[in-house]
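Structural overview for review
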Amino acid sequence: MAQKVNEVMTPVPVAVSPDASLVEVGDLMRQHGIGDVLVVHEGRLRGLVTDRDIVIRAVAAHRDMSGTTVAEICSTNLITVAPGEDADEAVRLMRENAVRRIPVVDGDRPIGMVSIGDLAVQRDERSALADISAEPPNV
């Protein structure tokens, strides 16, 4: 029987409000050893910001990290998946949309995050990607 997204996702994703500064977001990424943070307003998913977004849309554009809010650079056209979907659906969505992580939502409320690493561990725990994903973060 196929695993469901809620069986492989990381629950309780790190989230910030749209007015959080990029310094705050970067600090959360460092503290948690992650490369993505959800942008949530009144409990509803409004965006996703990755470490790459910060580099490409802020650092490379010479933006002020303290004065720039996450809402100014986050991705808002998100691909999401429901917790009860088959994990294969998450894989399909990642391939089709060339993304490495997908917010897991119940309606429009985020409840988790599923990453390519989560799926690699679930599919073949002996793979190189699973080994890398299981290692503690470099902080």
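Everything quoted here is computed from the prediction, not taken from an experiment. (Residues numbered from 1 in each chain as written. Predicted model: local features only at pLDDT ≥ 70, side-chain atom pairs only at ≥ 80, totals over all residues. Heavy atoms only, no water.)

So, about the sheet that holds strand 4 (residues 44-50). The three strands are arranged 2-3-4 in an open sheet whose pairing can be described as mixed. With partners counted over all chains shown, the strands left at the sheet margins are strand 2 (15-16) and strand 4, one partner each. When strand 3 (residues 36-41) meets strand 4, the two strands line up antiparallel, connected through six bridges. Note that in strand 4 the partner of Val39 across the bridge is Gly47. (Pairing = 2+ DSSP bridges. Helix = DSSP H or I, 4+ residues; strand = E, 2+ residues; numbered from the N terminus.)

Let's shift gears to helix 4 (residues 87-97). Residues Ala87, Ala90, Val91, Leu93 and Met94 constitute the buried set of helix 4. One side of helix 4 holds all its buried residues, which, seen down the axis, span an arc of 165°. Those residues of helix 4 that are exposed and aimed more than 90 degrees away from the buried face are Arg95 and Glu96. Positive phi shows up at Ala98, right after helix 4, with a value of about 50°. (Buried < 20%, exposed > 50% of the residue type's maximum accessible area, 1.4 Å probe, protein only. Arc of directions from axis to C-beta.)

This next bit is on the sheet that holds strand 5 (residues 101-106). Strand order in the open sheet made by the three strands is 1-6-5, with antiparallel pairing throughout. Edge positions in the open sheet fall to strand 1 (10-11) and strand 5, since each of these has one partner strand only. Packed onto the sheet, helix 4 meets strand 5 and strand 6 (109-115) and runs at close to 130° relative to strand 5. (Contact = heavy atoms within 4.5 Å. Axes fitted to C-alpha atoms, helices over the stretch in contact; angles between N-to-C directions.)

Time to look at a nonpolar patch on the surface. Where nonpolar side chains cluster on the molecular surface, the patch consists of Val55, Ile56 and Val59 and spans about 250 Å² of accessible area. Along the polypeptide, Ile56 turns up in helix 3 (residues 51-59). The exposure class assigned to Ile56 is partly exposed, which follows from its relative accessible area of 48%. (Patch = residues over 30% accessible without salt bridge, like charges linked within 9 Å, V, L, I, M, F, W, Y side chains within 5 Å. Areas by Shrake-Rupley, 256 points an atom, 1.4 Å probe, with all protein chains shown as cover. Salt bridge = Lys/Arg side-chain N within 4 Å of Asp/Glu carboxyl O.)

What follows covers the confidence of the model for the protein chain. Looking at the protein chain as a whole, the pLDDT averages 87, with 86% of positions reaching at least 70. Mean pLDDT values over the elements of the protein chain span from 41, in helix 6 (residues 128-134), up to 98, in strand 2. Within the model, the stretch residues 126-135 combines pLDDT values under 50 with eleven contacts to residues more than four positions away or in other chains. (pLDDT = per-residue confidence, 0-100.)

If you trace the backbone, Asp118 turns up in helix 5 (residues 116-123). Comment: no salt bridge for buried Asp118; closest opposite-charge side chain is Arg101, at 8.7 Å. Filtering out sequence-adjacent residues up to four positions away, Asp118 remains in contact with Val8, Met9, Thr10 and Met113. (Lys, Arg positive; Asp, Glu negative; His and termini not counted.)

Contact geometry of helix 2 (residues 22-32) with helix 3 gives a least axis separation of 10 Å together with a crossing angle of 150°. When the interaxial angle is binned, helix 2 and helix 3 end up roughly antiparallel. Read as a crossing pair, helix 2 and helix 3 show a hand that is left-handed. Contacts between helix 2 and helix 3 involve Leu22, Val25 and Met29 from the first element and Asp51, Ile54 and Ala58 from the second. (Parallel < 35°, antiparallel > 145°, perpendicular 65-115°, else oblique. Left-handed = near helix turned anticlockwise from the far one by under 90°.)

This next bit is on unusual backbone geometry. A positive phi angle, close to 50°, is found at Val12, a residue other than glycine. For Val12, the position within the fold is in the loop between strand 1 and strand 2. Relative accessible area serves as the criterion here: at 71%, Val12 is assigned to the exposed category. With phi around 50°, Glu42 is a residue other than glycine that occupies positive phi space. Relative to the helices and strands, Glu42 is located in the loop between strand 3 and strand 4. On the basis of relative accessibility, which here comes to 66%, the residue Glu42 falls in the exposed class.

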